[in-house]
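Listed below are the residues making up each chain.
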Amino acid sequence: MPHKYHPESLMMTHGYKPELSEGAVKTPIFQTSTFVFQTAEEGKAFFEVAYGLREKGQDENLGLIYSRINNPNLEILEDRLCLWDQADDCAVFESGMSAISSVLLEFLKPGDLLIYSAPTYGGTDHFIHDLLKKIGVHSIAFRPEHTKADILKMIEDSGLADRLALIYVETPANPTNDLFDITLCAEIAQQYNDQSSGRKVFVAVDNTYMGPIWSQPLQLGADIVMYSATKYIGGHSDLIAGAVLGDAEVMQRVKTLRTFLGNMVSPHTAWLMLRSLETLKIRMEAQMNNAIKVADYLQEHPKVEKVHYLGCISEGTKAYELYKKQYSSPGAMVSFDIKGGEKEAFKFLNQLKLMKLAVSLGSTESLAQHPASMTHIGIAEEEKIEFGILPSLVRLSIGVENAEDIIWDIEQALEVV
Ligand SMILES: *Cc1c(COP(=O)(O)O)cnc(C)c1O
């Protein structure tokens, strides 16, 4: 029996052949726009496959053509990302928004209905309400408290049930850590699938907060997984990138659109991500261990109203059941409501010394921000209140520093409030 390695054991080597690169132990950067064909016949064969004019032969590899279509750095990175999510294929993009908007454009067309979990990332929310609306895509938001029956009723009441095309889920939701049930969404999609007409409703999950280490949405019934790889996957606040994963059929569509939008990641950024993947698991685990301590500390603090952290969900609740079903960790994103409002939140943020006051998340350094006036400022005032994005809410992305130093920083900042 061949031994089956864990993904973290393969992040240094998988998909790379040193003998093709002078024996270099690390993947070089293939900083090239185009690739030389050995013969004209070979070039023709590569193009036939790349353009989908014929199926790839059994032992045939899609040869290298041009770096908008494929490049060794991108291909090795995509092969490695597939291991965590157990996906057939992956496509890496120049940003998380690029990955998300490409999925929305590929799986929705004018007149279609999109249902999506709310709140969702500010950029995604804007894309749904601006560009998708402009091209005639209808959308309905659902909330964590909505049951399957509630969501089915929303779809039926819209009068567009026959045009439902995509269910978009971001879980845990940024910045509140609200949880949504991926399997429930897959069950809803199933009800509208129709084998005889070939109709399929797709379920797409933004897995940026918990993936790929602690959550595998494809195993829970999702069809498409998306990442802002800028966050944990990149993990060092030094690059912008995105990724989409799914089965071969889904990825054929995503990769074809990427070829013609031209929004693939650059070889250099892909190379940086290959380096990042080697430490992904140990970084995320160190961040989680720190976050558990930070959340415990905040929960006991008299100036803190409420801590929004997966590890703080009360046992015996529906949310707790879902947390345990969907995730293998409480994660490293901790939001909390400070007693008071914007004034108190700003005092706290301005006083931080070790943690940086910046948006983004998932990096080695701890970051703090104020969602209501920063990442989620574009959301309508009444929706902010409904979603719990209050003036008192502070979002922390916990890094790999020593937990005692992070807690010292929070303590001295809360002191001045
Ligand atoms: C940051 C983020 C995005 C957007 O990704 P970019 O890489 O900034 O384009 C999408 N979804 C979530 C949950 C995010 O945190």
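Residues numbered from 1 in each chain as written. Predicted model: local features only at pLDDT ≥ 70, side-chain atom pairs only at ≥ 80, totals over all residues. Heavy atoms only, no water.

The test is simple: UniProt positions are given in the numbering used here, feature names are shortened, and annotations may be inferred rather than shown by experiment.
Per an unreviewed UniProt entry, the chain goes by Cystathionine gamma-synthase family protein and derives from Flammeovirga aprica JL-4. Recorded under Cofactor (unreviewed entry), the UniProt text for the chain is reproduced unchanged: "pyridoxal 5'-phosphate". The Sequence similarities (unreviewed entry) field of the UniProt record for the chain holds the comment "Belongs to the trans-sulfuration enzymes family."

Some remarks on the pattern of salt bridges
For clarity, the threshold we go by: We define a salt bridge as a side-chain nitrogen of Lys or Arg found within 4 Å of a carboxyl oxygen belonging to Asp or Glu. Where helices and strands are cited, they refer to DSSP runs of H or I of at least four residues and of E of at least two residues respectively, numbered from the N terminus. Each residue is placed in one exposure class: buried if its accessible area under a 1.4 Å probe, protein chains only, is under 20% of its type's maximum, exposed if it is over 50%, and partly exposed if it falls in between.
Applying the stated criterion across every chain yields a total of 20 salt bridges. Taking the shortest distance from any N to any O, the salt bridge between Asp89 and Lys255 comes out at 3.1 Å. Residue Asp89 is located in strand 1 (residues 89-93), and its partner Lys255 is located in helix 8 (residues 248-261); the two are separated by 166 residues in the primary sequence. Residue class for Asp89 comes out partly exposed when judged on its relative accessible area of 21%. A residue is classified by how much of its surface remains accessible, and Lys255, at 21% relative accessible area, is partly exposed. Measuring nitrogen to oxygen at the nearest pair gives 2.8 Å for the salt bridge that ties Arg253 to Glu106. Taken together, the positions of Arg253 in helix 8 and Glu106 in helix 4 (residues 96-107) put the pair 147 residues apart, joining distant regions of the chain. For Arg253, a relative accessible area of 32% puts it in the partly exposed group. Put simply, Glu78, Asp89, Lys255 and Arg258 are held in one network by salt bridges that share partners.

Some details on the sheet that holds strand 6 (residues 224-228)
In plain terms, the rule: A pair of strands is considered paired only if DSSP assigns at least 2 bridges between the two. Every angle, taken between N-to-C directions, lies between 0 and 180 degrees, and every axis is a line fitted to C-alpha atoms, over only the stretch in contact when it is a helix. Residues count as neighbours in contact if any of their non-hydrogen atoms are within 4.5 Å of one another.
Judged by pairing direction, the sheet is mixed, and its seven strands sit side by side in the order 1-7-6-5-4-2-3 without closing on themselves. Because the sheet does not close on itself, it has two edges, and the strands there are strand 1 and strand 3 (138-142). With direction set aside, neighbouring strand axes in the sheet form an average angle of 20°. With four bridges joining them, strand 2 (residues 113-117) and strand 4 (residues 164-170) adopt parallel strand pairing. Directly across from Tyr116, in strand 4, lies its bridge partner Tyr168. Against the sheet, helix 3 (residues 72-85) touches strand 1, strand 6 and strand 7 (242-246), its axis set at about 125° to strand 1.

What to know about the domain arrangement of the chain
To keep things clear, this is the line we draw: Each domain's extent was defined by an automatic or database domain assignment. The term buried area means the drop in 1.4 Å probe accessible area that two parts suffer when joined, counted for both and summed. Two N or O atoms count as a polar contact when they lie within 3.5 Å, although within protein this holds only if one can serve as hydrogen donor and the other as acceptor, and sequence-adjacent residues are included solely when both atoms are side-chain atoms.
Domain boundaries in the chain define domain 1 (67-277) and domain 2 (280-415). Each side of the interface is counted separately: domain 1 has 38 residues, and domain 2 has 40 residues. Around 3,300 Å² of area is buried between domain 1 and domain 2 when both sides are counted, 62% of it from carbon and sulfur atoms. Interface area lost by domain 1 to domain 2 is led by Pro175, Trp214 and Tyr232, which between them contribute 25%. The shortest N-O distance in the salt bridge between Asp181 and Lys325 comes to 3.1 Å. Run the count over domain 1 and domain 2 and you get 20 residue pairs in polar contact (both at pLDDT 80 or more). Mapped by element, the contributors of at least two residues to the side of domain 1 that touches domain 2 are helix 5 (122-134), helix 7 (182-192) and helix 9 (267-278).

Considerations on the environment of Thr147
Following the sequence through the fold, Thr147 ends up in the loop between strand 3 and helix 6 (148-157). With relative accessibility at 33%, the residue Thr147 sits in the partly exposed group. C-alpha separation for the pair Thr147 and Leu104, spaced 43 residues apart in sequence, amounts to 24 Å.

Some details on the sheet that holds strand 9 (residues 333-338)
Spatial strand order, 8-9-12-11-10: five strands in an open sheet with mixed pairing. The two strands at the open ends of the sheet, each matched to only one other strand, are strand 8 (304-308) and strand 10 (356-357). Of the strand pairs in this sheet, strand 10 and strand 11 (residues 367-369) are connected by two bridges, and their pairing is parallel. Of the residues in strand 11, the one forming a bridge with Lys356 is Leu367.

A look at the site of the ligand
Short version of the rule: Residues are labelled near a given molecule or strand when at least one of their non-hydrogen atoms is within 4 Å of it. Each accessible area is a Shrake-Rupley estimate made with a 1.4 Å probe; only the visible protein chains count as cover when residues are assessed. Polar here means any residue other than Ala, Val, Leu, Ile, Met, Phe, Trp, Tyr, Cys and Pro, which are nonpolar, and Asp, Glu, Lys and Arg, which are charged; Gly is therefore polar.
Not every one of the 14 residues close to the ligand is listed here, only the nearest: Met97, Asp206, Ser228, Thr230 and Lys231. Note that an oxygen atom of the ligand is positioned 2.8 Å from one of the backbone N or O atoms of Met97. Here an oxygen atom of the ligand and a side-chain polar atom of Thr230 are 2.6 Å apart. Taking 380 Å² as the accessible area of the ligand by itself, protein coverage stands at 92%. Tallying contributions element by element places helix 4 first for the shell around the ligand, with three residues. By residue class, the composition of the shell around the ligand is five nonpolar, six polar and three charged.

What to know about the UniProt feature "modified residue: N6-(pyridoxal phosphate)lysine" (unreviewed entry) in the chain
In the numbering used here, UniProt assigns the "modified residue: N6-(pyridoxal phosphate)lysine" (unreviewed entry) feature to Lys231. Summarising the element assignment, Lys231 is placed in the loop between strand 6 and strand 7. Dropping the residues within four chain positions of it, Lys231 is found in contact with Thr208, Ser360, Leu361 and Gly362.

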